[in-house]
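Geometric and topological summary
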Amino acid sequence: MKSFTVRLTLQFAALVTATTAAVLVAGGFLLDHENERGLELLHAIEARELGELIGRDSALTATDIADRIKHDADSDAALFVIQVATARGDVVFRSDNLGDTILPDLPDDEPHWTTSVPLLGRVHLTEATHGPWRIHIGSPLEPSERLLRDYIRISVPLVFGAALLSVALGYAFSRATLRPVRAIESIAQRIRADQLSDRIPVPAGHDELASLTTLLNQMFDRLQSSFEQVRRFTADASHELKTPLALIRLNAEKLRSRAQQDPECAATVTDILEEIARLQHMIDRLLFLAQTESGAFAPALRPLAIQTLITDFAADATALAEDRNTRFAVGRNEPGELRGEPDLLRQLLLNLVGNAVAASPPGTLITLDSFPAVDDHWHFVITDEGPGLSPAQLERVFDRFARFESPDAASSKPRGHGLGLAICRSIAELHHGSIRLENRPDRSGLRVTVELPR
Amino acid sequence: MKILIVEDETRVGRFIERALNEQAYTTRLVHRCADARDALAESPYDAIVLDLGLPDGDGLELLREWRASGFNEPVLVLSARDAVNDRIRGLNLGADDYLPKPFSVDELVARLRSLLRRHSTGPRATVLEHHGVRLDLLSRIASLDGRPVELTSREFALLELFLQNPRRVLTRTFIAEKIWEASYDLETNLIDVYVRRLRQKFDRSKTEPFIKTVRGAGYQLA
């Protein structure tokens with residue numbers, strides 16, 4: 001799962017969950033508030049009824065009042081607690097369900113009040129004045145609190161449910177949103193050097209995706225044309241360079257066959273022929289580099305048995321090493337398989353061993369290890385016991401035409417064209433791998449590691 | 001023996017023509033695909049030297065047509081283009097050999113002769129001999145003046161190649177192709193190293209090397 005999909009899913013889920021929670025909290029507050037409002041309305045009606053029953057005669061005794069409203073208070077005992085007092089505050093009637101409790105006076109200007117009353121818990125009170133009487137009517141809040149608790153008990157799982165559901169929905173939603181992007185991705189991946197003519201179908205309409213797709217397609221157009229230019233250039237360049245070279249060579253050979261009697265002339269022509277061969281070699285290498293680097297050349301990779309490859313190669317490497325009085329040994333040679341082009345891999349390894357041999361003093365050892373690494377790559381490691389390279393040399397070791405003085409530079413004539421390591425890197429990259437050079441930590445010498453995906 | 005040369009670069013074509021005429025081959029030189037088609041329709045040829053970059057089409061297309069129509073004689077492909085791809089494509093389409101430009105005209109003649117010989121003669125010799133160097137291809141034993149000489153499999157293959165082409169100058173490209181089956185350059189001096197090893201084992205003295213170096217060309221049996 002890509003991180004963008006995850007991010008989109010989480011954002012969507014957070015939004016939905018927060019909205020659900022906010023709605024439920026607001027609902028809770030409303031429920032609580034409406035409950036009190038309802039109670040206050042009931043209290044007002046009850047107070048009017050009680051007032052009519054009591055009348056406005058301030059001479060009534062407590063017994064008279066009890067006679068007039070006791071019945072009513074008893075029948076509503078489940079709903080209300082009732083207390084009647086004189087304007088001075090003397091309590092003349094208390095409903096039975098109040099027990100010993102005396103309801104407190106409400107603060108001035110407040111017709112309604114919520115307070116805690118012993119035995120009854122929290123009570124919502126209303127105070128009404130009827131003639132000389134102050135009537136207190138209260139309702140225990142316990143039932144509405146129970147309702148609110150139930151509400152919360154339902155709301156919490158609802159929020160969790162909404163969270164889970166919104167993750168699922170959000171994932172589906174973001175997948176659906178990103179489907180065109182994935183389509184672009186899969187086609188863009190398919191468009192490589194060997195298949196540059198593919199284009200992403202432009203979605204209908206004039207939305208952002210359509211313009212992005214058009215933009216990408218235009219980019220692929222430019223890419224294709226520059227790839228084709230490179231291809232054409234390498235084809236043209238090789239034709240234009242090699243045809244005259246062919247003529248020079250043919251003419252030089254003709255000259256040589258006629259110049260047998262003149263040794264000086266024959267030697268000159270031979271020099272020309274050798275330089276032609278060098279030039280030809282260099283043109284081939286440069287064209288190879290140009291083509292691989294532009295992606296215009298992609299060899300067919302096939303599964304190879306690595307152990308056999310290395311065993312075969314060891315014979316040639318040993319011959320190369322012995323020729324310069326150095327030794328070559330295969331260290332680890334693990335069995336395994338690798339997708340590659342055997343010809344190119346051999347060229348890569350030969351090049352590296354050739355370099356190592358050239359840099360090694362007589363009698364020293366060059367080692368090749370071939371093994372699978374933990375990171376799903378196959379490693380070929382070539383180590384020598386030569387002088388290694390300075391940091392400055394290591395930095396430009398892959399530059400074209402970079403050549404380094406060997407320690408016995410005076411005795412050995414310059415060989416090669418300085419393209420060897422650039423070609424090695426191209427070959428590693430053709431196999432989707434990489435190449436790394438470093439000085440040995442344990443002693444002087446160079447260690448070259450080629451990492452290829454298995 | 002009649003050979004058709006398809007080569008758009010006139011001067012290169014004339015060189016090939018002259019060299020083949022010197023070897024007593026009859027030749028015809030054409031410069032375009034259309035002319036090549038006509039030429040082959042008019043009369044039979046024993047071999048074709050085919051350049052790939054032609055002004056009115058691709059030589060590989062011609063090759064495919066000929067092979068599809070049942071033309072079985074050897075075809076040697078010349079190319080100045082992308083050597084690796086052309087070689088692989090050419091050989092896949094039924095070319096018998098491939099020579100990248102710039103080539104040596106001697107090399108071309110030698111390759112063509114060996115193609116024609118391979119086409120006409122039956123089984124090859126199983127024992128090769130040259131100035132006291134004897135190679136038994138069946139028992140895989142090499143000897144010098146009757147004394148057995150130890151050879152690695154590469155050294156054996158290289159010696160066999162030299163003995164099979166006793167008078168011919170073998171270029172490094174040819175050796176790399178035959179011994180290492182390399183479509184790409186070997187980059188190192190590997191071939192020189194193996195030739196040195198053969199010399200160490202077969203030279204009778206320093207002054208008369210068993211394999212001599214032909215500067216600017218390759219190696220040749222002495």
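This text follows the structure it describes.
In this report, we go over the structure that sits alongside the text. If you're wondering where the values come from, they're calculated on a predicted model, not measured in any experiment. Note that residues are indexed from 1 along each chain, following the sequence as it is written. Chain A is the first chain written and ligand 1 is the first ligand written, with later ones labelled in order. Only residues with pLDDT of 70 or above have their local features reported here, since the model is predicted, and side-chain atom pairs are shown and tallied only from 80 upward, although totals for entire chains, interfaces and linings are computed over all residues.

Right, let's get into the overall build of chain A. Where helices and strands are cited, they refer to DSSP runs of H or I of at least four residues and of E of at least two residues respectively, numbered from the N terminus. Within chain A one finds nine helices and 12 strands. Within chain A, buried positions represent 26% of all 454 residues. Throughout, a residue-residue contact means that the two C-beta atoms, derived from backbone geometry, are no farther apart than 7 Å. When contacts within chain A are restricted to residue pairs at least 6 apart in sequence, those whose partners lie at least 24 apart make up 63%. Labels follow a simple rule on C-beta atoms placed from the backbone: if 20 or more others lie within 10 Å of a residue's own, it is buried; if 12 or fewer, it is exposed; otherwise it is partly exposed.

Let us now look at the sheet that holds strand 13 (residues 211-214) of chain B. Residue and element names in this part refer to chain B. The criterion for strand pairing is that DSSP finds at least two bridges linking the strands in question. One open sheet accounts for three strands, arranged 12-14-13; its pairing is antiparallel. Strands with a single pairing partner mark the edges of an open sheet, and in this sheet they are strand 12 (170-171) and strand 13. Here strand 12 pairs with strand 14 (residues 218-221) via two bridges, running antiparallel. What sits directly across from leucine 170, in strand 14, is tyrosine 219.

Moving on, we get to the nonpolar core. When buried Ala, Val, Leu, Ile, Met, Phe, Trp, Tyr and Cys residues are joined through C-beta atoms within 7 Å, the set is termed a nonpolar core. Ranked by internal contacts, the top residues of the largest apolar core, which has 57 residues, are Leu348, Leu349, Leu352, Val353, Ala356, Ile382 and Cys424 of chain A. Ranked by residues supplied to this core, first place goes to helix 7 (residues 342-359) of chain A with 11 residues. Excluding its chain neighbours within four sequence positions, the residues that come into contact with isoleucine 382 of chain A are Leu352, Val353, Ala356, Ile366, Leu368 and Val448 of chain A. Listed in part, the 35 residues of the second largest apolar core include Ala19, Leu20, Ile48 and Val49 of chain B.

All right, on to the interface of chain A and chain B then. Taken together, the contacts link 34 residues of chain A with 31 residues of chain B. If you list the elements that add at least two residues to the side of chain A that touches chain B, you get helix 4 (208-258), helix 5 (263-294), helix 6 (306-323) and helix 7 of chain A. Residue contributions to the side of chain A that touches chain B peak at 12 residues, all from helix 4 of chain A.

Attention now moves to the pairing of strand 6 (residues 75-79) of chain B. Residue and element names in this part refer to chain B. Of all five residues making up strand 6, five are buried, and the element is well covered by its neighbours. What you see with strand 6 is no split at all: Val75, Val77 and Ser79 on one side and Leu76 and Leu78 on the other are buried throughout. Alignment of strand 3 (residues 47-51) against strand 6, held across four bridges, turns out to be parallel. When the sheet's bridge partners are listed, valine 49 is paired in strand 6 with leucine 76. Sheet analysis places strand 6 next to strand 7 (residues 97-100), joined by four bridges and oriented parallel.

So, on to the sheet that holds strand 4 (residues 121-130) of chain A. Residues and elements named next belong to chain A. Strand order in the open sheet formed by five strands is 2-1-5-4-3, with antiparallel pairing between adjacent strands. Of all the strands in the sheet, just strand 2 (91-94) and strand 3 (112-117) have a single pairing partner and so form its edges. Strand-to-strand twist across the sheet, computed as the mean angle between neighbouring axes with direction ignored, equals 25°. Inspection of the sheet shows strand 4 paired to strand 5 (residues 133-140) by eight bridges, in the antiparallel sense. Bridge pairing in strand 5 places threonine 126 opposite isoleucine 137. A fitted line through C-alpha atoms serves as each axis, taken over the contacting stretch for helices, and the angle formed by two N-to-C directions is quoted from 0 to 180°. Sheet contacts for helix 2 (residues 62-75): strand 1 (81-86) and strand 2; angle to strand 2, the most-contacted strand, approximately 25°.

Moving on, we come to helix 9 (residues 420-430) of chain A. All names here are of chain A. Within helix 9, nine of the 11 residues are buried, leaving the element largely enclosed by the surrounding structure. Buried within helix 9 are the following residues: Gly420, Leu421, Ala422, Ile423, Cys424, Arg425, Ser426, Ile427 and Ala428. On the buried face of helix 9, the contacting elements are helix 5, helix 7, strand 11 (434-439) and strand 12 (446-453). Backbone geometry just downstream of helix 9 places histidine 432 in the positive-phi region, at approximately 60°.

Each neighbour pair has its own omega, and for lysine 101 of chain B with proline 102 of chain B the value is -5°, a cis peptide bond. Its location among the elements puts proline 102 of chain B in the loop between strand 7 and helix 5 (105-120). Despite not being glycine, histidine 432 of chain A has its phi angle at roughly 60°, a positive value. Relative to the helices and strands, histidine 432 of chain A is located in the loop between helix 9 and strand 11. At alanine 24 of chain B, a residue that is not glycine, the phi angle is positive and equals roughly 70°. Along the polypeptide, alanine 24 of chain B turns up in the loop between helix 1 (10-22) and strand 2 (26-30). On the basis of neighbour counts, which here come to 7 C-beta atoms within 10 Å, the residue alanine 24 of chain B falls in the exposed class.

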